[in-house]
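# Fold and geometry: a report
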Amino acid sequence: AQSVSQHNHHVILSEAASLELGCNYSYGGTVNLFWYVQYPGQHLQLLLKYFSGDPLVKGIKGFEAEFIKSKFSFNLRKPSVQWSDTAEYFCASTGGSGNTGKLIFGQGTTLQVKP
Amino acid sequence: GAGVSQTPSNKVTEKGKYVELRCDPISGHTALYWYRQSLGQGPEFLIYFQGTGAADDSGLPNDRFFAVRPEGSVSTLKIQRTERGDSAVYLCASSPSGGTGGYTFGSGTRLTVV
């Protein structure tokens, strides 16, 4: 079955530090990949997505992610985090045969940025 | 409306009771998804509607869970004989057509079974 795994469950950084959150997916065929963010008390919001084309995807708020097909990875990066980036981050994929668009989520990574 | 609306935002119920959770998607979105998010976990897929029909209900955990979307807009997730393990945040998302992203999530209903 298709799955998504996030390696870091809880990350603590100081402001201005660089961020990289790992994400690996299991499906070997065509996949669509997403990163969502959930700020405290708010709903899930899309940070960025990859469907095809340039494997380096730029999203909102200075985030980017790189799709590396050979590694089944889609890691999220940000060069310099801010306190306001404190949130939960979810990697997700769709795809597979008979793609219905249902999202398969990773467990999530809690990011805490210290001022 | 401008977003996906879910009601109630919080629901506390006693074990064994029946509950209904409502999702009002973005107008014109034909695809609607329900997910369940337990504490410390990512959302898990429950069911997908394309229009009025359930196109994929493979994520429903057992026959106590049922969902409908009779007119292709509002959807109701129904849970019978609730158990403490059903406690979670139930999320709804809609998209224009499904299959290609473009999802908008609601804020969820936090269900607590006591």
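See above for the structure.
Criteria and cut-off values
- Residues numbered from 1 in each chain as written.
- Chains lettered and ligands numbered in written order.
- Predicted model: local features only at pLDDT ≥ 70, side-chain atom pairs only at ≥ 80, totals over all residues.
- Heavy atoms only, no water.
- Helix = DSSP H or I, 4+ residues; strand = E, 2+ residues; numbered from the N terminus.
- Buried < 20%, exposed > 50% of the residue type's maximum accessible area, 1.4 Å probe, protein only.
- Contact = heavy atoms within 4.5 Å.
- Areas by Shrake-Rupley, 256 points an atom, 1.4 Å probe, with all protein chains shown as cover.
- Lys, Arg positive; Asp, Glu negative; His and termini not counted.
- Charge placed at Lys NZ, Arg CZ, Asp CG, Glu CD.
- Pairing = 2+ DSSP bridges.
- Phe/Tyr/Trp six-rings, centres within 6.5 Å; stacked < 30°, edge-to-face > 60°.
- Buried area = accessible area lost by both parts, 1.4 Å probe.
- Salt bridge = Lys/Arg side-chain N within 4 Å of Asp/Glu carboxyl O.
- Polar contact = N/O pair within 3.5 Å; in protein donor to acceptor, adjacent residues only side chain to side chain.
- Axes fitted to C-alpha atoms, helices over the stretch in contact; angles between N-to-C directions.

Below, the discussion takes up the overall build of chain A. Each helix and strand in chain A was counted, giving 0 helices and 12 strands. Secondary structure of chain A in N-to-C order comes out as β-β-β-β-β-β-β-β-β-β-β-β. Along the longest, intermediate and shortest principal axes, the C-alpha atoms of chain A span 45 × 30 × 20 Å. When each of the 115 residues of chain A is scored for burial, the buried share is 46%. Across chain A, contacts joining residues at least 24 apart in sequence account for 56% of those joining residues at least 6 apart. In the form shown here, chain A has an accessible surface area of approximately 5400 Å², with 52% of it arising from carbon and sulfur atoms. Taking the average place of the 9 positive charges on the side chains of chain A and the average place of its 7 negative ones, the gap between the two points comes to 6 Å.

What follows concerns unusual backbone geometry. Going from threonine 7 of chain B to proline 8 of chain B, the amide bond is cis rather than trans, its omega being -10°. Along the chain, proline 8 of chain B falls in the loop between strand S1 (5-7) and strand S2 (10-13). Of note, the phi angle at lysine 61 of chain A is positive, near 60°, even though the residue is not glycine. Inspection of the secondary structure assignment puts lysine 61 of chain A in the loop between strand S7 (56-58) and strand S8 (64-68). Judged by its relative accessible area of 44%, lysine 61 of chain A is partly exposed.

Once that is clear, we can look at the pairing of strand S3 (residues 19-24) of chain B. Residues and elements named next belong to chain B. In S3, alternate side chains face the same way, and those of Val19, Leu21 and Cys23 are buried while those of Glu20, Arg22 and Asp24 on the opposite face are not. As judged from the 3 bridges shared by S1 and S3, these two strands associate in the antiparallel manner. Paired with serine 5 across the bridge in S3 is aspartate 24. When S3 meets strand S8 (residues 75-79), the two strands line up antiparallel, connected through 5 bridges. Across the sheet, cysteine 23 pairs through a bridge with serine 75, a residue of S8.

Time to look at the packing of aromatic side chains. Summed over the entire model, instances satisfying the criterion amount to 18 aromatic pairs over all chains. Where tyrosine 33 of chain B meets tyrosine 48 of chain B, the ring centres are 4.7 Å apart and the plane angle is 15°; that geometry is what we call stacked. Of the two residues, tyrosine 33 of chain B is situated in strand S4 (residues 31-37) and tyrosine 48 of chain B in strand S5 (residues 44-50); the sequence distance between them amounts to 15 residues. Aromatic rings pair up to connect Phe34, Tyr36, Phe51, Phe90 and Phe105 of chain A together with Tyr33, Tyr35, Phe45, Tyr48, Tyr103 and Phe105 of chain B into one cluster.

Before going further, it helps to spend a moment on the interface of chain A and chain B. Contacts between the two partners involve 17 residues from chain A, matched on the other side by 20 residues from chain B. With both chains or domains summed, chain A and chain B bury close to 1500 Å², and 55% of this area falls on carbon and sulfur atoms. Seen at the junction of chain A and chain B, the total is 1 salt bridge. With a closest N to O distance of 3.3 Å, lysine 102 of chain A and aspartate 56 of chain B form a salt bridge. The interface formed by chain A and chain B holds 5 residue pairs in polar contact (both at pLDDT 80 or more) in total.

Residues and elements named next belong to chain B. Read across the open sheet, the 4 strands follow the order S1-S3-S8-S7; overall the sheet is antiparallel. Each edge of the open sheet is held by one strand with a lone partner, namely S1 and strand S7 (65-68). Neighbour-to-neighbour, the strand axes of this sheet turn through a mean angle of 15°, independent of strand direction. Where S7 meets S8, 4 bridges bridge the pair, whose relative direction is antiparallel. By the bridge assignment, phenylalanine 65 is partnered in S8 with isoleucine 79.

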